[in-house]
Amino acid sequence: MIFAIDLDDTLLNSRDLWEAAFSHVFGSLGYKPGDFWLTRRKLPDHYYSLREHVRLILSEKGLPLSLAGRKEAEMLLQMERRGKQFLFSDVGGFLKELRARGHYVVLVTFGKKKLQGAKLKRTGITKYFNEIIIKESPKWEIIQQLQKKFPGETVIFLDDHP
């Protein structure tokens, strides 16, 4: 049996991780918890870009856009440093049990490799996956590829979005 499992809001409390990193990096500019989502709503909904989000915040505060690269790097570093504390409490045991039962376990996550990699780096869960797939394509396409890769096997996809 193949288990394909999403990262954000399935294994990792990404909403709270974003808030914590955002507050740390932009708190000195007057942003507080909750403001991440208020500013996020001003961006196009179809695809998230950390760079564009940082640029929006800087422009709202009248700060030079030349700071965008540094602030983006600070956000990635904060997400990397804090990732483990935002794993849902039963994730390690669950993944360990799947592997112990001989299942093929795949992390399937949508997004840019740099951002998703930062979230994963210090979580300690990568060792439980046979394969990690980070793509900027719809997850259903990845699931179809897994079904072709493992013909006759059942592929179970765990995700927070229907």
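Structural data are supplied above this passage.
Residues numbered from 1 in each chain as written. Predicted model: local features only at pLDDT ≥ 70, side-chain atom pairs only at ≥ 80, totals over all residues. Heavy atoms only, no water.

Draft legend 1. Representation of the overall build of the protein chain. Within the protein chain, the regular secondary structure consists of seven helices and four strands. Reading the helices (α) and strands (β) of the protein chain from amino to carboxyl end gives β-α-α-α-α-α-β-α-β-α-β. The buried share among the 162 residues of the protein chain stands at 46%. A fraction of 70% describes how many contacts in the protein chain between residues 6 or more apart in sequence connect residues 24 or more apart. Of the roughly 8,900 Å² of accessible surface on the protein chain, a fraction of 53% belongs to carbon and sulfur atoms. Taking the average place of the 27 positive charges on the side chains of the protein chain and the average place of its 20 negative ones, the gap between the two points comes to 6 Å. (Helix = DSSP H or I, 4+ residues; strand = E, 2+ residues; numbered from the N terminus. Buried < 20%, exposed > 50% of the residue type's maximum accessible area, 1.4 Å probe, protein only. Contact = heavy atoms within 4.5 Å. Areas by Shrake-Rupley, 256 points an atom, 1.4 Å probe, with all protein chains shown as cover. Lys, Arg positive; Asp, Glu negative; His and termini not counted. Charge placed at Lys NZ, Arg CZ, Asp CG, Glu CD.)

Draft legend 2. The pattern of salt bridges, seen in detail. For the structure on display, the rule yields 13 salt bridges. For D35, the salt bridge goes to K32, with nearest N and O atoms at 3.7 Å. With a relative accessible area of 49%, K32 lands in the partly exposed category. Residue K112 pairs with E136 through a salt bridge whose shortest N-O separation is 3.5 Å. Note that K112 is positioned in the loop between β2 (104–110) and α6 (113–120) and E136 in the loop between β3 (131–135) and α7 (139–149), a separation of 24 residues in sequence. The structure contains a network of salt bridges with shared partners spanning D6, K139 and D159. (Salt bridge = Lys/Arg side-chain N within 4 Å of Asp/Glu carboxyl O.)

Draft legend 3. Representation of the packing of helix α1 (residues 14–26) against helix α3 (residues 50–60) in the model. Across the interface, α1 lies against α3 with an axial gap of 13 Å and an inter-helix angle of 40 degrees. Considering the angle they form, α1 stands oblique to α3. The chirality of how α1 crosses α3 is right-handed. Within the contact between the two elements, α1 uses W18, F22 and F26 and α3 uses L50, H53, V54 and I57. Taken together, the residues that form the contact of α1 with α3 break down as six nonpolar, one polar and no charged. (Axes fitted to C-alpha atoms, helices over the stretch in contact; angles between N-to-C directions. Parallel < 35°, antiparallel > 145°, perpendicular 65-115°, else oblique. Left-handed = near helix turned anticlockwise from the far one by under 90°. Nonpolar A, V, L, I, M, F, W, Y, C, P; charged D, E, K, R; others polar.)

Draft legend 4. Main features of unusual backbone geometry. Despite not being glycine, D9 has its phi angle at roughly 65 degrees, a positive value. By the element assignment, D9 lies in the loop between β1 (2–5) and α1. Under the relative-accessibility criterion, D9 is labelled partly exposed at 26%.

Draft legend 5. Representation of the packing of aromatic side chains in the model. If you walk through the whole model with that rule in mind, you get seven aromatic pairs. A centroid spacing of 5.0 Å and a plane angle of 20 degrees characterise the contact between W18 and F36, whose relative ring orientation is stacked. Placement of the pair is W18 in helix α1 and F36 in helix α2 (residues 35–40), with a sequence separation of 18 residues. Like W18, the residue F36 is buried in the burial classification. With 6.4 Å between their ring centres and 75 degrees between their planes, F26 and Y31 make a pair best called edge-to-face. (Phe/Tyr/Trp six-rings, centres within 6.5 Å; stacked < 30°, edge-to-face > 60°.)

Draft legend 6. Main features of the side chain of R40. With respect to the helices and strands, R40 occurs in helix α2. A relative accessible area of 13% places R40 in the buried class. Here P44 takes part through its backbone oxygen, which lies 3.5 Å from a polar atom of the side chain of R40. If sequence neighbours within four positions are ignored, R40 has contacts with D45, Y48 and H53. (Polar contact = N/O pair within 3.5 Å; in protein donor to acceptor, adjacent residues only side chain to side chain.)

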